[in-house]
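Here is how the chains run, residue by residue.
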Amino acid sequence: MMGSENRGSDEAHLHAPKEEMEDLVLYGQLNGNTSYSNYRSAMSSLSDTTHPLSSSPSSSQIVSSAASATTTATTPADADPLFAPSPYLDLRNPSSAPDNSTYLDTPPYTDVAFSPFDAATAAEINGIESPGKSSDNTSSYSLSRSPSSSSEYLKITVSNPQKEQEGANSIVPGANTYVTYLIKTRTNIPDFGGSEFGVRRRFRDVVTLSDRLAESYRGFFIPPRPDKSVVESQVMQKQEFVEQRRVALEKYLRRLASHPVLKRSDELKVFLQVQGKLPLALTTDMASRMLDGAVKLPKQLFGESGAVLAPHEVVQPAKGGRDLLRLFKELKQSVANDWGASRPLVGEEDKEFLEKKVKMNELEQQLSNASQQAESLVKAQQDMGETLGELGLAFIKLTKFENEEALFSSQRVRAADMKSVATAAVKASRFYRELNAQTVKHLDTFHEYLGLMLAVNGAFSDRSSALLTVQTLLSELGSLQSRAEKLEVQSNKIFGGDKSRIRKLEELNETIRVTQDAKNVAIREYERIKENNRSELERLDNERHADFLNMLKGFVHNQVGYAEKIANVWSNVAEETSPYAKESP
Amino acid sequence: MITAQRSISGPSQSPRSPSSQPYLSVSVTDPVKLGNGVQAYISYRVITKTNFLEYQGPEKIVIRRYSDFVWLRDRLFEKYKGIFIPPLPEKSAVEKFRFSAEFIEMRRQALDVFVNRIASHHELQQSEDLRTFLQADEETMERLRFHETGIFKKKPADLMQIFKDVQSKVSDVVLGKEKPVDESNPEYEKLKHYIFELENHLAEAQKHAYRLVKRHRELGQSLADFGKAAKLLGASEGNALGKAFTELGVKSETLSIRLQKEAQQLLMNFEEPLKDYVRAVQSIKATIAERANAFRQQCELAETIKLKEINLDKLMLTRSDRVGEAEHEYNELKAEGEEATRRFETIVRRMNEEIVHFQEQKTTDMGVAFHEFAKGQARLANSIADAWRSLLPKLESCSPA
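Note that the structure is predicted; figures quoted are calculated from it, not measured.

The rules behind these values
Residues numbered from 1 in each chain as written. Chains lettered and ligands numbered in written order. Predicted model: local features only at pLDDT ≥ 70, side-chain atom pairs only at ≥ 80, totals over all residues. Heavy atoms only, no water. Helix = DSSP H or I, 4+ residues; strand = E, 2+ residues; numbered from the N terminus. Buried < 20%, exposed > 50% of the residue type's maximum accessible area, 1.4 Å probe, protein only. Areas by Shrake-Rupley, 256 points an atom, 1.4 Å probe, with all protein chains shown as cover. Pairing = 2+ DSSP bridges. Axes fitted to C-alpha atoms, helices over the stretch in contact; angles between N-to-C directions. Contact = heavy atoms within 4.5 Å. Buried area = accessible area lost by both parts, 1.4 Å probe. Salt bridge = Lys/Arg side-chain N within 4 Å of Asp/Glu carboxyl O. Nonpolar A, V, L, I, M, F, W, Y, C, P; charged D, E, K, R; others polar. Expected span 1.5 Å × (residues − 1).

Trainee: Whenever I open this one, the overall build of chain B confuses me. Can you help?
Mentor: On a plain count of helices and strands, chain B comes out with ten helices and three strands. Secondary structure elements in chain B, listed N-terminal to C-terminal, are β-β-β-α-α-α-α-α-α-α-α-α-α. In chain B, which comprises 401 residues, the share counted as buried stands at 48%. Split by element, the accessible area of chain B, about 19900 Å² in all, is 53% carbon and sulfur.

Shown next, in the form of structure tokens:
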């Protein structure tokens, strides 16, 4: 596979108007002999973006399908005469053509009225298609995420993975090594206070960024970060794994950069700009959290200060470890909700939302299905191109053979006929591969949106956990208030008042006040999340409509364009061989 | 650029009625499946139209099955050494059980081509066995089929094995593993080498052609699945976009059917001719083996004759009473030797003629195959373009929500 280092530095030249996949895919096309690995990387990046809900089994499925695409790729690629030993078919490097080159005409690229590159430069990130005849239009597809109204951009690249070592002395050499990536940003957004900058980050930093965003932006459709994938890192070659991860990180950051709200987040700014150690609060590991929570629990159980949910805490969902008591309470509440023991004081009433939720589920199912079928379509096109190429090559060999051994003129005639068929087959093969490279990009929209469904589900669960918090607080408030009432009644019976009881009542009222504050905060938070959900759903609908439409247009234009080219190639051969048609009975 | 010509066939026999050209045309038609299970077979109607005098009339219809064709080929191979007997399609034991309509049709076509090649070959068309094949009633044919002696008693599958043995024997001879029976004919050596190499190249091309057929089927299948998924997505999306997806799905399914059809065309018009080419080359290899046999016989006999001559001289010198006997034997052997030489020379002569015709014929056959192939691919690509293109107006009219 192309060295990631190379790709990193070369990518710099391909920056400005190109979309992410183009760098991946078209760069591979520059060197004809990597167009196979370009399919592989396309396939593996396809697998990166699919994060179905039932993560483990299906993601391992996808890994294995990418892996099997890889393994099936290696053997034909090795034996694939179109790449290795006969570079005469690598028409971008005519200098490397050996003796067989005489059997081919001038590179078919010269025949091509357009090239994917031209279409790419023509189409801006805004996803506007270059209009015109279908034969000229293979609009390089891009997501419509960037607002078409403004001209602002935030362009991120991830490159140059390097091994670094944690800690100066380690007894075991090689311990505590990790990989950092160079993250370069180019932007004209004023908030960033700079137009070009770069930082080094490790994967752990990305996890931190993702967690902080999840906390701060509840209710938003936050793109899911790349997997930690421990298994993969063991199984794959180190270099491949690093490259796969680099690609995934780049995609992730670019998705963040195209989210209208998240791109302006402080967390992202800090991540992209601040040199040195990432100054975001580290995601603490589970153990220390548990410890933390265990320390707090006795206090909470005995009703000492801190037993109550501080208002600011309700803004976050109950986390394991820290908020054991709160967790218990909310669990009790959710069980009560489910079993209908008590009708929750506030329920999910928004009918529209519930309908939307159902629709989202359905959409997810259909996307998953469509995405699968898209993958197999891509494979079928790939195979077709390959076999056509192999057929062409076999006929080239035959042609050469007949010419060398010819004793009769009929043999030379046959050889000439064969040559034109072979040339056509090779051309058609190349067209199929180009077609496929574009198809991958277009149909990738399915994968993208499938990944987005995860974000949608996350946002919906933000909402339900916020609702649960509200419900819990409300019922707690209720029980606190009834306790207060009881206490008041009892203390009123005693003349002069019961000093301890009065004190207890005062404490209780204080607790009630704090709980009420918390409840109000929780309700506000819930409403805020609801609004985020709503606006995001609207954005999703609009963007999805635009993106899918673009995808369809791009896909169809592409198919038409290449089918026409292929038809042309074969029509010529049919024309050349038409004398035979008259002779046949 | 195209200079290939069809060789004109015509008998070189007794005068015809001046008003009509001599013709012998055969068609193999109407495949009918008969029998059950393992015994199942296909019978064909073989219709002969001719004005050859030796034939029983202007038209004759008989019923034949595959093994009858095999009988004919074997007889011709035995009697017309040196001529490249047209090849038969393989008797595939597996396909038999499936007997799909496409398979049957391809088989029928191949058999039709087989008989017509024989009928248009200037020597083979004179064959009595051909006349028998084209005219004898079914019982006679069956008797003949069963009562062949020697190797022809065996089932066709075994014949295939024998052919393969012949193949390996020939290659052994060529590679010099057996006692070399070298004709010391450099041109002939070149020809043999050419034939062997050619088979390899052709087999490879045929392999890829077959794969190409498969790819068409696979692409068709994936388009069908994709279309279905798109339709489902369209149904769930609703609105104009949903309709667009539905249309896409419908087109996709249409193209899927188109691709399956093209796959079948490809199989019949491109892969089959390549297979036929391979078979023809294998038939030539069998002829090469025959020539080697004939040559060896001739050499062996020549050796034996020499020895006998020496012996005879010795006997004559000693005035032995066995001279007469020896002389008789010697003369017999000499006659045999002349016979063997004549046979060998016939083979050589025939082969020289045949190779010219073979090359020309193959150029034509492949030219036709290439033409059909290119036409089919162009047609397919155009229908793909048309189908997708028809979607564009609808897509353009879909305004973003």
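Trainee: I tried to follow the sheet that holds strand E3 (residues 59–65) of chain B on my own but got confused; where do I start?
Mentor: The pairing of strands in a sheet comes from backbone hydrogen bonds and takes either a parallel or an antiparallel form. Residue and element names in this part refer to chain B. Here three strands make up an open sheet; going across it, the order is E1-E2-E3 and the pairing antiparallel. In this open sheet, the two edge strands, each paired with only one partner strand, are strand E1 (24–34) and E3. Strand after strand, the sheet turns through a mean of 20 degrees between neighbouring axes, direction not considered. Sheet analysis places E1 next to strand E2 (residues 41–50), joined by nine bridges and oriented antiparallel. Paired with Val-32 across the bridge in E2 is Ser-43. Along the sheet, helix H1 (residues 66–79) contacts E1, E2 and E3; its crossing angle with E3, the most-contacted strand, is approximately 105 degrees.

Trainee: Explain the interface of chain B and chain A to me, please; I cannot follow it from the model alone.
Mentor: Many structure descriptions define interface size as the accessible area lost when the parts assemble. Taken together, the 70 residues of chain B in the interface contact 70 residues of chain A. Taking both partners together, chain B and chain A bury about 6300 Å²; carbon and sulfur atoms supply 73% of that area. Among the salt bridges present, the one from Glu-390 of chain A reaches Arg-211 of chain B, with a minimum N-O distance of 3.3 Å. Of all the secondary structure elements, the ones that give two or more residues to the side of chain B that touches chain A are helix H7 (186–237), helix H8 (239–317), helix H9 (323–389) and helix H10 (392–397) of chain B. In terms of residues, the side of chain B that touches chain A owes the most to one element, H7 of chain B, which gives 26 residues. A class-by-class count of the residues in the side of chain B that touches chain A yields 40 nonpolar, 16 polar and 14 charged.

Trainee: Would you take a moment to explain helix H13 (residues 409–493) of chain A for this structure?
Mentor: Along an α-helix, a turn takes 3.6 residues, which lines up residues three or four apart on a common side. Compared with an ideal rise of 1.5 Å per residue, which puts 85 residues at 126 Å, H13 of chain A spans 126 Å between its outermost C-alpha atoms and is within 8% of the ideal. Burial analysis of H13 of chain A places 61 of its 85 residues in the buried class, which makes it a mostly covered element.

Trainee: Looking at this structure, how should I read unusual backbone geometry?
Mentor: Residues apart from glycine generally show negative phi values, whereas peptide bonds are mostly found in trans. A positive phi angle is found at Asn-160 of chain A, which is not glycine, with a value near 55 degrees. Its relative accessible area of 26% is what places Asn-160 of chain A among the partly exposed residues. Phi is positive for Asn-239 of chain B, which is not a glycine, with a value near 50 degrees. Its place among the elements puts Asn-239 of chain B in helix H8. Classification of Asn-239 of chain B as partly exposed rests on a relative accessible area of 45%.

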